[in-house]
Amino acid sequence: MAQRLSLLDRFLTLWIFLAMAIGVGTGAVFPQLPKLLGTFSVGTISLPIAVGLLWMMYPPLARVKYEELSKVGKAWKMFSVSLVQNWLVGPFLMFGLAWLFLPDMPEYRIGIIIVGLARCIAMVLVWNMLAEGDNEYAAVLVALNSIFQVALYSVYAWFFVTLLSSWMARGSGVVVAISIWAIAKTVFIYLGIPFIAGIVTRYTLVRKKGKEWYDQVFVEKLSPTALIGLLFTIVVMFSLKGEYILALPWDVVRIAIPLVCYFLIMFTISFIMSKAWNFSYPETATLSFTAASNNFELAIAVAVGVFGINSGEAFAAVIGPLFEVPVLIGLVNVALWAKKHYFRQPQVEVATVTLPTA
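Residues numbered from 1 in each chain as written. Predicted model: local features only at pLDDT ≥ 70, side-chain atom pairs only at ≥ 80, totals over all residues. Heavy atoms only, no water.

Draft legend 1. Region of interest: the overall build of the protein. Counting secondary structure elements, the protein contains 16 helices and two strands. A total of 358 residues make up the protein; the buried ones form 51% of that total. In the protein, once contacts between residues fewer than 6 apart in sequence are set aside, the share between residues at least 24 apart is 84%. Accessible surface, the protein as shown: approximately 16800 Å² in total, 69% of it carbon and sulfur. (Helix = DSSP H or I, 4+ residues; strand = E, 2+ residues; numbered from the N terminus. Buried < 20%, exposed > 50% of the residue type's maximum accessible area, 1.4 Å probe, protein only. Contact = heavy atoms within 4.5 Å. Areas by Shrake-Rupley, 256 points an atom, 1.4 Å probe, with all protein chains shown as cover.)

Draft legend 2. Focus on the packing of aromatic side chains. Applying the stated criterion across every chain, the model contains 19 aromatic pairs. Both rings, one in Trp337 and one in Tyr342, keep their centres 5.6 Å apart while their planes meet at 70°; by these two values the pair is edge-to-face. Connected via pairs of aromatic rings, a cluster forms that spans Trp87, Phe92, Phe95, Trp99, Phe148, Tyr156, Phe159 and Phe160. When the ring centre of Trp213 is taken as reference, the NZ or CZ atom of Lys209 above it lies at 5.5 Å. Positioned over the ring face of Phe343 is Lys275, at 5.2 Å from the centre of the ring. (Phe/Tyr/Trp six-rings, centres within 6.5 Å; stacked < 30°, edge-to-face > 60°. Lys NZ or Arg CZ within 6 Å of the ring centre and 35° of its normal.)

Draft legend 3. Just the packing of helix α5 (residues 76–101) against helix α14 (residues 281–292), in detail. Contact geometry for α5 and α14: axes closest at 9 Å, N-to-C directions at 25°. With respect to each other, α5 and α14 are oriented roughly parallel. By crossing handedness, the relation of α5 to α14 is classed as right-handed. From α5, Met78, Val81, Ser82, Gln85 and Asn86 reach across to α14, where they touch Glu283, Thr286, Leu287, Thr290 and Ala291. For the contact of α5 with α14, the residue count by class is four nonpolar, five polar and one charged. (Axes fitted to C-alpha atoms, helices over the stretch in contact; angles between N-to-C directions. Parallel < 35°, antiparallel > 145°, perpendicular 65-115°, else oblique. Left-handed = near helix turned anticlockwise from the far one by under 90°. Nonpolar A, V, L, I, M, F, W, Y, C, P; charged D, E, K, R; others polar.)

Draft legend 4. Local environment of the confidence of the model for the protein. Per-residue confidence for the protein gives a mean pLDDT of 81, with 85% of residues at or over 70. The low-confidence segment residues 1–5 (pLDDT under 50) makes 12 contacts with residues lying over four places distant or belonging to another chain. (pLDDT = per-residue confidence, 0-100.)

Draft legend 5. Highlighting the nonpolar core. One finds Trp127, Tyr153, Met237, Phe289 and Ile300 to be the most contacted residues of the largest nonpolar core, which totals 100 residues. Residue contributions to this core peak at 14 residues, all from helix α16 (residues 312–342). Leave out the neighbours within four places in its chain, and Ile300 touches Leu53, Met56, Leu230, Thr233, Met237, Ala317 and Val318. Judged by nonpolar contacts, the second largest core, of nine residues, contains Met78, Phe79, Val140 and Leu144. (Core = buried A, V, L, I, M, F, W, Y, C linked by side-chain atoms within 4.5 Å.)

Draft legend 6. Structural detail: a nonpolar patch on the surface. Taken together, the side chains of Leu14, Trp15, Leu18 and Ile22 make up a nonpolar region of the molecular surface, amounting to roughly 360 Å² of accessible area. Checked against the element boundaries, Leu14 lands in helix α2 (residues 12–29). (Patch = residues over 30% accessible without salt bridge, like charges linked within 9 Å, V, L, I, M, F, W, Y side chains within 5 Å. Salt bridge = Lys/Arg side-chain N within 4 Å of Asp/Glu carboxyl O.)

Draft legend 7. Focus on the environment of Tyr262. For Tyr262, the location among the structural elements is in helix α13 (residues 249–276). Not counting residues within four places of it along the chain, the set of residues in contact with Tyr262 comprises Gly90, Leu93, Met94, Leu97, Gly116, Arg119, Phe267, Ala291, Ala292 and Asn294. Polar side-chain contacts of Tyr262 include one of 2.9 Å to the side chain of Arg119. (Polar contact = N/O pair within 3.5 Å; in protein donor to acceptor, adjacent residues only side chain to side chain.)

Draft legend 8. Inspection of unusual backbone geometry at higher detail. Phi is positive for Glu132, close to 60°, though the residue is something other than glycine. Mapped onto the fold, Glu132 is located in the loop between α7 (123–130) and α8 (135–168). The backbone phi angle of Asn278 is positive, close to 65°, even though this residue is not glycine. In this fold, Asn278 is placed in the loop between α13 and α14. Using a relative accessible area of 69% as the deciding quantity, one classes Asn278 as exposed.

Draft legend 9. Broad picture of α13. Given a rise of 1.5 Å per residue, 28 residues ought to cover 40 Å, and the 41 Å separating the end C-alpha atoms of α13 matches this to within 8%. Once α13 finishes, Asn278 follows within two positions and takes phi at roughly 65°, a positive value. (Expected span 1.5 Å × (residues − 1).)

Laid out in structure tokens, this is it:
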């Protein structure tokens, strides 16, 4: 199986560390940078951050094979299980872990909850490929989750961050109320616009150049630029929060604990659930990595758009990919080990030919 990864994909964790270091260093060397960046703002929207966020969202949404959605009916059982894992089990699991590990840190807790609501639509294709999952079904699940995020993310964010969290915080005096319209506006800007652009780009270029050229040439060149957008966003964000990060390293550890627990638990639950339903290994791997991965690009965009670039929510969201990448790479090896020990390998029948005796 060919496994082609760009240098950005292979060393993503290292690139994120370097982007953080460059951001912190830039903020230390140029303390006037936050004030300078503040001049490039429209209302509460920082234009440099907006450019980075929009660009990192556009390539994965242009890569989605929306025409594959017609295949949902042919494998309804698999896609039904995926919807339960992604839109019921996952959000409630991250919500519980956020409250368990960060009961005294509401900003970080909300940032973690926001991450848990964003289902992966980009890097999951890489994890699925490396784990030898079903690439066709993975493409359909990505398309399905893209549609659901556009339709439901703002409602989910309001429910978990405002309504459900207010019930949990009753009597503590800590209640965070955000408007569903504020979230919807942010989701439209940072998900809706690149979503529409991705659909228009795909259908326009496929019609003009053909599907093979689009998937093998255009997408191959466009996809790595999403990570460049992510790294640019991290540099800008950390340049504004450098002193804060260096002063509170323990906060990074506390944010990492629920995230890592989520990746491990969600993968395990999905893997066991899929195996119990007698899915094949490729289908099980696809379901598990789709459920365990998160769309940290969208989470960062929502946290920045709703709470501001200097918020604890944005800080918690940007920490996400730093830990998701190494954990998911480890889970790829776990999946391949499980394939060898717990799944029957297809038997290859060898035809025998009896030669006539002289």
